[in-house]
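What the coordinates show
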2 protein chains.
Amino acid sequence: MPHLDFWFDFASTYSYVAAGRVGELASRAGVQAAWKPFLLGPIFTEQQGIKDSPFNVYPVRGRYMWRDVERLCEKYGLPWRRPSAFPRNGLLAARVGCAAAGEPWVPGFFRAVFRANFAEDRDIADPAVMKALLESAGQDAAALVARASSPEAKQALRDRTAEAARLGLFGAPSFVVAGELFFGQDRLDDAIAWATR
Amino acid sequence: MPHLDFWFDFASTYSYVAAGRVGELASRAGVQAAWKPFLLGPIFTEQQGIKDSPFNVYPVRGRYMWRDVERLCEKYGLPWRRPSAFPRNGLLAARVGCAAAGEPWVPGFFRAVFRANFAEDRDIADPAVMKALLESAGQDAAALVARASSPEAKQALRDRTAEAARLGLFGAPSFVVAGELFFGQDRLDDAIAWATR
């Protein structure tokens, strides 16, 4: 089955748009999508020497992004409310993702985390919010948050982020198909076409 | 008639891709496209504090861009040869564009400048190259290069670049439709759809 790796950060607005589209587009094309949360922060610091989102560091670009994401959510029928804090720390959510990698409920949970951040203005860095989202996904929330805090889950996320850097990622969302990198939610269709060509 | 402003810099690889697509897409949709060359350099310096292309300043991003543009040119059937110098200075070409603004041969000439840079590896900053391109466009090359060096043409390009900054541009290509800004050649279809909605 053709395969696509979907690399994203829970803090990333354009990752939210991609997360709302990738499941349907991939399944329609017969492509298997693997969801790979990672942390953009260390990559931005390493590559650009910044400690905040580029959309905050470069406000002209930030102004455009907020309008653009609103427009894209309207285009794709995704719920949207501009969060009162940006970027929100996606570390805990990404660690949960690493702790539960491969389990079938995970993509739905990831979409719920994105919705919490970008449609419901909830603080996804708050363990209570994370537990509520895990419970809504039918999971043992306390056990998963504990697993997410284990040395193994922490190391898995560090390894994942190091892998992203090795693959040449510099932003999110990114898609990797058979060694080809596609950057930006705008290029999701190209990535899927590459997987099926 | 619906209208779209196409903002670009002759040094910009993604502007080359957009320049190869905008004419056909706009005319098919019944949209009038106005070609607006401007200078990215002052905008990058003002907004990001850099004096070179971000693709040189941030090499990970640069590596991706070169592969991505090659892929896009294949997708859209555009000729492509990676230039031996990047970015090439588009100042003279942009001044010629300002001196001849509104003349009907100008978009074809602009496309030829882009091809010279990105398909023929010619130095578009060289007045001899510019004259050859103007002659190929059936123009009085010496007169136009002289007009391009007039205080009026220089001021027109400064004004154009200041207008780009006022509109919130931070990169190229950008499209402006009824006050809505779209950034990136990936968003050309969205910009045209906005113009005709």
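Residues numbered from 1 in each chain as written. Chains lettered and ligands numbered in written order. Predicted model: local features only at pLDDT ≥ 70, side-chain atom pairs only at ≥ 80, totals over all residues. Heavy atoms only, no water.

Moving on, we get to the relation of the copies chain A and chain B. Of the transformation placing chain A onto chain B, the axial shift is 0.0 Å and the rotation is 180°, giving an RMSD of 0.0 Å. Classification of the inter-copy transformation places it as that of a two-fold axis. Minimal C-alpha distance to the rotation axis in chain A is attained by Asp 186 of chain A, lying at 3.2 Å. Taken as a fraction of all interface residues of chain A, those also at the interface in chain B reach 100%, which identifies the copy contact as same-surface. (Least-squares fit on C-alpha atoms with pLDDT ≥ 70 in both. Contact = heavy atoms within 4.5 Å.)

Relative to the elements of secondary structure, Asp 190 of chain A occurs in helix H10 (residues 188–196). Discounting residues that sit within four places of it in the chain, Asp 190 of chain A has contacts with Phe 182 of chain A together with Leu 72 and Lys 75 of chain B. (Helix = DSSP H or I, 4+ residues; strand = E, 2+ residues; numbered from the N terminus.)

Let us look at the pairing of strand E3 (residues 174–177) of chain B. Residues and elements named next belong to chain B. On E3, burial covers both faces: Ser 174 and Val 176 on one face and Phe 175 and Val 177 on the other are all buried. One ladder, built from three bridges, connects strand E1 (residues 3–8) with E3; its direction is antiparallel. Across the sheet, residue Trp 7 finds its bridge partner in E3, namely Ser 174. The pairing of E3 with strand E4 (residues 180–183) spans four bridges and is classified as antiparallel. Directly across from Val 177, in E4, lies its bridge partner Glu 180. Linking E3 back to E4 in an antiparallel pair, the connection comprises two residues, with Ala 178 at a positive phi of about 50°. (Buried < 20%, exposed > 50% of the residue type's maximum accessible area, 1.4 Å probe, protein only. Pairing = 2+ DSSP bridges.)

On to the sheet that holds E1 of chain B. Residues and elements named next belong to chain B. Strand order in this open sheet of four strands is E2-E1-E3-E4, and the pairing throughout is mixed. Since the sheet does not close on itself, it has two edges, and those belong to strand E2 (32–37) and E4, each with one partner. On average, adjacent strands in this sheet sit at an angle of 20° to one another, irrespective of strand direction. Each of E1 and E2 is contacted by helix H6 (residues 106–118), which is oriented at about 50° to E2, the strand it contacts most. (Axes fitted to C-alpha atoms, helices over the stretch in contact; angles between N-to-C directions.)

Attention now goes to H10 of chain A. Within H10 of chain A the residues assigned to the buried category are Leu 188, Asp 190, Ala 191, Ile 192, Trp 194 and Ala 195 of chain A. Close packing links the buried residues of H10 of chain A with strand E1 (3–8), helix H1 (13–29), strand E3 (174–177) and strand E4 (180–183) of chain A together with helix H4 (59–76) of chain B.

When pLDDT drops low, the exact placement of atoms in the prediction is not to be read closely. Residues at a pLDDT of 70 or more form 100% of chain A, whose mean pLDDT is 97. Per the prediction output, this complex has pTM 0.97; the corresponding ipTM is 0.95. (pLDDT = per-residue confidence, 0-100.)

Facing the 24 residues of chain A at the interface are 24 residues of chain B. Roughly 2,200 Å² is buried in total at the junction of chain A and chain B, and carbon and sulfur atoms are behind 49% of that figure. If you sort the residues of chain A by the area they bury against chain B, Tyr 64, Arg 71 and Arg 187 of chain A come out on top, with a joint share of 26%. Counting across the chain A and chain B interface gives ten salt bridges. Here Glu 180 of chain B makes a salt bridge to Arg 67 of chain A, at a shortest N to O gap of 2.9 Å. Taken together, the links from chain A to chain B amount to twelve residue pairs in polar contact (both at pLDDT 80 or more). (Buried area = accessible area lost by both parts, 1.4 Å probe. Salt bridge = Lys/Arg side-chain N within 4 Å of Asp/Glu carboxyl O. Polar contact = N/O pair within 3.5 Å; in protein donor to acceptor, adjacent residues only side chain to side chain.)

Of all hydrophobic cores here, the largest spans 142 residues; its most connected members are Leu 4 and Met 130 of chain A together with Leu 4 and Met 130 of chain B. Not counting residues up to four positions away in its chain, the partners in contact with Leu 4 of chain A are Val 22, Val 31, Gln 32, Ala 33, Ala 34, Phe 175, Val 176, Val 177, Leu 188, Ala 191 and Ile 192 of chain A. (Core = buried A, V, L, I, M, F, W, Y, C linked by side-chain atoms within 4.5 Å.)

The axes of two packed helices give the description: the angle between them and the distance between them. All names here are of chain B. It is the contact of H6 with helix H7 (residues 127–136), at a shortest axis distance of 10 Å, that shows an interaxial angle of 135°. Classified by the interaxial angle, the pair formed by H6 and H7 is oblique. Relative to H7, the crossing made by H6 is right-handed. For the pair formed by H6 and H7, the contact residues are Phe 109, Ala 112, Val 113 and Ala 116 on the first element and Met 130, Leu 133 and Leu 134 on the second. (Parallel < 35°, antiparallel > 145°, perpendicular 65-115°, else oblique. Left-handed = near helix turned anticlockwise from the far one by under 90°.)

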